[in-house]
Amino acid sequence: MKPKLQRIGILTGGGDCPGLNAVIRSITKPALSLYHSKVVGILDGFEGLVEGSKRDLSWLDVSGIIGLGGTILGTSNKGDPFRYPVGKGDDIRIEDRSEQALKNYREWELDVLFAIGGDGTMHIARKFSRMGMNVIGIPKTIDNDLDGTDVTFGHDTALQICTEAIDRLHTTASSHHRIIVVEVMGRYAGWIALGAGLSGGADIILIPEIPFRWDCIYKRVRERSLGARFSIICVAEGAMPVDGAAVVKERDTRRTDPVRLGGIGDVVAHRITENTKLETRVTVLGHLQRGGSPTAYDRILASKYGVMALEAASRGEYGCMVSLRGSRVTTVSLDDAVKSRKVVAPDSELITSARATGILFGDC
Ligand code: F6P
């Protein structure tokens with residue numbers, strides 16, 4: 001018997017990234033035209049599933065949005081139904097609201113829910129799948145740290161933005177003979193710093209997977225101050241020294257991941273100036289990396305993911321995440337998708353190529 005696809009739900013969870021709208025579009029259009037489904041957009045991620053906020057999506061709603069950044073449905077990184085923050089200000093309690101979310105899913109008579117998100121969203125999707133919800137995950141994150149797929153959409157756009165920033169920082173750093181530290185995102189994985197640092201020709205790249213030594217960095221920037229007379233250091237927000245920890249900006253129990261990182265760029269610049277007397281500047285790219293239009297690669301990947309996720313639903317394949325393996329989109333179980341985090345292997349080709357072209361990782 002063919003699975004029912006009369007009513008389908010879509011939500012975007014966690015931090016936004018370029019390409020979310022392209023996925024929403026590529027599920028909604030074929031769902032309306034090929035399956036004659038009713039498409040329900042759930043607002044602000046899992047928060048909307050708990051609170052019951054939704055809107056129907058028409059063809060017109062998703063027309064012209066393939067190149068639009070952000071998400072027309074809204075998102076949240078504070079709405080985990082299994083540890084849902086209730087209350088205001090200092091009076092926050094964490095409650096399990098998963099039954100309420102499941103009740104809404106059933107009352108709305110959804111045949112399947114497409115959950116577009118990163119690591120946190122996939123963990124939540126997996127728990128709901130175990131409770132009997134028909135759920136299919138679609139992997140996004142600029143960080144590219146989901147192990148269940150070769151690439152997440154959003155990452156390519158972030159790389160493009162960071163590479164352009166490093167190119168621009170080069171000209172000003174060399175003109176003023178300065179050291180410019182550029183801090184990029186990447187909490188637990190250094191894919192953005194490594195990719196953008198390599199393509200932008202950074203001199204030093206610091207990533208969470210390779211803890212660095214301060215002396216090693218001081219030595220390199222001193223040497224460069226006598227030759228090239230400038231240095232570009234690309235540092236992931238989760239990078240840390242061998243004898244230290246990642247720099248935490250804020251802890252917020254309402255968030256799916258309570259720890260918000262940020263500030264390592266300032267620490268690196270400060271320590272360099274203090275120990276070498278060389279002039280430093282810091283640029284934190286922050287949310288510029290997540291905003292705006294997706295690259296052509298991300299639009300195409302997002303479109304393939306959406307269409308293939310709908311096809312998986314039409315086969316009755318639930319409890320899975322669409323995944324890119326090589327050039328083909330396939331599916332992996334949500335269990336496998338969340339098993340481990342995809343981090344940079346220190347002996348990977350990317351690292352080897354970067355080292356061979358003279359880039360320092362601070363581990364000398
Ligand atoms: O998961 C993507 C990411 O961009 C991380 O690299 C970063 O730490 C985090 O989101 C910041 O998210 P927000 O500012 O939305 O809390």
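Cut-offs applied
Residues numbered from 1 in each chain as written. Predicted model: local features only at pLDDT ≥ 70, side-chain atom pairs only at ≥ 80, totals over all residues. Heavy atoms only, no water. Domains from an automatic or database assignment. Contact = heavy atoms within 4.5 Å. Buried area = accessible area lost by both parts, 1.4 Å probe. Salt bridge = Lys/Arg side-chain N within 4 Å of Asp/Glu carboxyl O. Polar contact = N/O pair within 3.5 Å; in protein donor to acceptor, adjacent residues only side chain to side chain. Nonpolar A, V, L, I, M, F, W, Y, C, P; charged D, E, K, R; others polar. Pairing = 2+ DSSP bridges. Helix = DSSP H or I, 4+ residues; strand = E, 2+ residues; numbered from the N terminus. Axes fitted to C-alpha atoms, helices over the stretch in contact; angles between N-to-C directions. Near = heavy atom within 4 Å. Disulfide = S-S within 2.5 Å. Buried < 20%, exposed > 50% of the residue type's maximum accessible area, 1.4 Å probe, protein only. Core = buried A, V, L, I, M, F, W, Y, C linked by side-chain atoms within 4.5 Å.

Enquirer: Where do I start with the domain arrangement of the protein in this structure?
Expert: You'll often see interface size given as the accessible area lost when the parts meet. For the protein, the domain assignment lists domain 1 (7–153 + 292–337) and domain 2 (155–291 + 345–356). Here the C-alpha centroids of domain 1 and domain 2 sit 31 Å apart. With 25 residues of domain 1 at the contact, the number on the domain 2 side is 19 residues. For the pair domain 1 and domain 2, the summed buried area comes to about 1,900 Å², and 53% of that belongs to carbon and sulfur atoms. Our enumeration of links across domain 1 and domain 2 arrives at 1 salt bridge. Asp16 serves as the salt-bridge partner of Arg290, at 3.0 Å between the closest nitrogen and oxygen. Remark: the boundary between domain 1 and domain 2 carries 9 residue pairs in polar contact (both at pLDDT 80 or more). Residues belonging to the side of domain 1 that touches domain 2 are distributed by class as follows: 9 nonpolar, 9 polar and 7 charged.

Enquirer: Looking at this structure, how should I read the sheet that holds strand β13 (residues 280–284)?
Expert: Reading across from one edge, β9-β10-β8-β13 is the order of the 4 strands in this open sheet, with parallel pairing throughout. Single-partner strands in this sheet number two, and they are β9 (204–206) and β13. Sheet twist, expressed as the average angle between the axes of neighbouring strands with direction ignored, equals 20°. With 6 bridges joining them, strand β8 (residues 179–184) and strand β10 (residues 231–236) adopt parallel strand pairing. Within the sheet, the bridge partner assigned to Glu183 lies in β10 and is Val235. Where helix α6 (residues 191–200) meets the sheet, its contacts fall on β8, β9 and β10, and the angle it forms with β9 comes to roughly 170°.

Enquirer: Just to check I follow, could you spell out the site of the ligand for this structure?
Expert: All residues adjacent to the ligand are Asn77, Ile142, Asp143, Met185, Gly186, Arg187, Glu237, Arg255, Arg260, His287 and Arg290. Between the ligand and Asn77, the relevant distance is 3.2 Å, taken from an oxygen atom to a side-chain nitrogen or oxygen of the residue. Within the side chain of Arg255, a nitrogen or oxygen atom sits 2.6 Å from an oxygen atom of the ligand. Per-class residue counts for the shell around the ligand are 2 nonpolar, 3 polar and 6 charged. There are two domains that each give the shell around the ligand at least three residues, and those are domain 1 (7–153 + 292–337) and domain 2 (155–291 + 345–356).

Enquirer: Looking at this structure, I do not really get the sheet that holds strand β6 (residues 112–117). What am I missing?
Expert: Within a beta sheet, neighbouring strands are joined by backbone hydrogen bonds and run either parallel or antiparallel to one another. Taken in spatial order, the 7 strands of this open sheet run β3-β2-β1-β6-β7-β14-β15, and their pairing is mixed. Of all the strands in the sheet, just β3 (54–56) and β15 (328–333) have a single pairing partner and so form its edges. Ignoring which end each strand starts from, the neighbouring axes of this sheet average 25° apart. Note that strand β2 (residues 38–42) and β3 share 3 bridges and pair antiparallel. Across the sheet, Ile42 pairs through a bridge with Lys54, a residue of β3. Taken strand by strand, helix α1 (residues 20–33) contacts β1 (7–12), β2, β6 and β7 (135–139), and its axis lies near 175° from that of β1. Its contacts with the sheet place helix α9 (residues 296–314) against β1, β6, β7, β14 (320–325) and β15, and it is angled at close to 135° to β14.

Enquirer: What should I look at first to understand the state of the cysteines in this one?
Expert: Note: disulfide means a covalent bond formed between the sulfur atoms of two cysteine side chains. Counting across every chain of the model gives 1 disulfide. Disulfide pairing places Cys216 opposite Cys364 at an S-S distance of 1.8 Å. Linking Cys216 in helix α7 (residues 214–226) with Cys364 in the segment after α11 (349–356), this pair joins segments that are 148 residues apart in sequence. Cys216 sits in the buried class, given a relative accessible area of 5%. Note on Cys162: no disulfide assigned, nearest cysteine sulfur contributed by Cys234 at a separation of 6.7 Å. Distance from the sulfur of Cys320, which forms no disulfide, to the nearest cysteine sulfur (Cys17) is 19 Å.

Enquirer: Can you help me understand the nonpolar core in this one?
Expert: The tendency in soluble globular proteins is for nonpolar side chains to be buried side by side. In this structure, Ile8, Ile10, Phe114, Ile138, Phe153 and Ile232 are the most contacted members of the largest nonpolar core, which totals 65 residues. Looking at which domains feed residues into this core, each of domain 1 (7–153 + 292–337) and domain 2 (155–291 + 345–356) supplies at least three. When residues no more than four places from it in sequence are discounted, the contact partners of Ile8 are Ile27, Ala31, Ser37, Lys38, Val39, Val40, Leu110, Val112, Phe114 and Leu310. Judged by nonpolar contacts, the second largest core, of 28 residues, contains Phe46, Trp108, Ile124 and Met133.

Enquirer: Help me out: how do you make sense of the side chain of Thr149 in this one?
Expert: Among the structural elements, Thr149 can be located in the loop between β7 and α5 (155–176). Here the side chain of Thr149 touches Leu324 through a polar contact of 2.8 Å, landing on its backbone nitrogen. Discounting residues that sit within four places of it in the chain, Thr149 has contacts with Pro139, Tyr305, Met321, Ser323, Leu324, Arg325 and Lys342.

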